[in-house]
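Examination of the molecular architecture
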Amino acid sequence: MWNVIRAQLYQLKRDFVVWGVTILALFMMFVINLDAFDMDMTGSEATAYMGESMCILVGLLIIMIIVANVMGKDFLDKTINYEVLSGHTRKDVFFGRFMVAMVAGILCSFAVIISVPVVLTIMNGWGNTMEFHGVLIRCGLILITLFRISCELAFLTTIAKNPYITYLVSIVLSEVQLILSTAQSQYSDFETSPLLPVSNCLNLFTFQDWTTFFLDETDQIFYSSAVTSEMMLWTLIPSIVIGMIMLLLTYVFFRHDDLN
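First, a word on what this report is: a plain description of the structure on this page. (Residues numbered from 1 in each chain as written. Predicted model: local features only at pLDDT ≥ 70, side-chain atom pairs only at ≥ 80, totals over all residues. Heavy atoms only, no water.)

A closer look at the overall build of the protein chain
Along the backbone of the protein chain there are 12 helices and two strands. Secondary structure elements of the protein chain, listed N to C terminal, follow the sequence α-α-α-α-α-α-α-α-α-α-α-β-β-α. Radius of gyration (C-alpha) of the protein chain: 20 Å, near the 18 Å computed for a compact globule of 260 residues. Here the protein chain, with 260 residues, has 45% of them falling under the buried criterion. (Helix = DSSP H or I, 4+ residues; strand = E, 2+ residues; numbered from the N terminus. Rg over C-alpha atoms; globule rule 2.2 N^0.38 Å. Buried < 20%, exposed > 50% of the residue type's maximum accessible area, 1.4 Å probe, protein only.)

This is the structure in structure tokens:
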């Protein structure tokens, strides 16, 4: 398996599509948040506005590209067949790719998502807009959700045997979930299901706000980063259960498929 992992890491480091999209995503993140830099926002203030922008979707673009490329590109040139014929077990071929796709996808995607708050925290400090502890817990829940997303992307790519199909289907499904999340913010009687991974990521970075007035008649908006037990359960249980089911189904399909 280590030989497969090393080979995939070597290919990933030389994948110009992954590097290009990652650089583009980082550029988009800072362009989207130019106002935050102009206003000298603190890290907590920037975090509070993440759920209201395209930051989450831009970050999720990275995990889609990485998982689809690592799991699917070798189907196109039959490299997977050659690995099996050369003596590698299907278990090693599959999990060698999945481990690289999952770890690289999660880390790169998460790094892009939190890039702006991290930079602003370094520049202007965290601030007092919200508690840092609650944000850390939400970030942990984001990582668990990214695990589920990586498993679903691996399943789709293995079934389709084509990374470009994964691109198309993932973008369409993400846009649908974005529309549903937008409708939820506009209509109080409309709620999206926490089972939808993209919507759940958006909800994890949506914070309840309130305004405090001071004696000098100035006011300041604060946000609550506290995580409710309901939010935690609706993130952990579906992410772990659905992620593991998708991973198992993907491996079973890969193990019994002719790989042509």
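Quick notes on the pattern of salt bridges
Throughout the structure, instances matching the rule amount to six salt bridges. The salt bridge involving Lys-73 is made with Asp-15; its shortest N-O contact spans 3.8 Å. Within this pair, whereas Lys-73 is found in helix H5 (residues 55-76), its partner Asp-15 is found in the loop between helix H1 (2-13) and helix H2 (16-32), the two being separated by 58 residues in sequence. Using a relative accessible area of 10% as the deciding quantity, one classes Asp-15 as buried. We note a salt bridge from Lys-161 to Asp-257, for which the minimum N-O separation is 2.4 Å. Of this pair, Lys-161 sits in the loop between helix H9 (132-160) and helix H10 (163-186) while Asp-257 is found in the segment after helix H12 (229-256), placing the two residues 96 residues apart along the sequence. Taken together, the shared-partner salt bridges connect Asp-74, Glu-83 and Arg-97 into one network. (Salt bridge = Lys/Arg side-chain N within 4 Å of Asp/Glu carboxyl O.)

Considering the nonpolar core
One finds Ile-56, Phe-98, Leu-146 and Phe-205 to be the most contacted residues of the largest nonpolar core, which totals 66 residues. Of the residues forming this core, the biggest block, 15 residues, is contributed by H5. Ignoring sequence-local partners within four residues, the contact set of Leu-146 consists of Leu-60, Ile-63, Ile-106, Ser-109 and Phe-110. (Core = buried A, V, L, I, M, F, W, Y, C linked by side-chain atoms within 4.5 Å. Contact = heavy atoms within 4.5 Å.)

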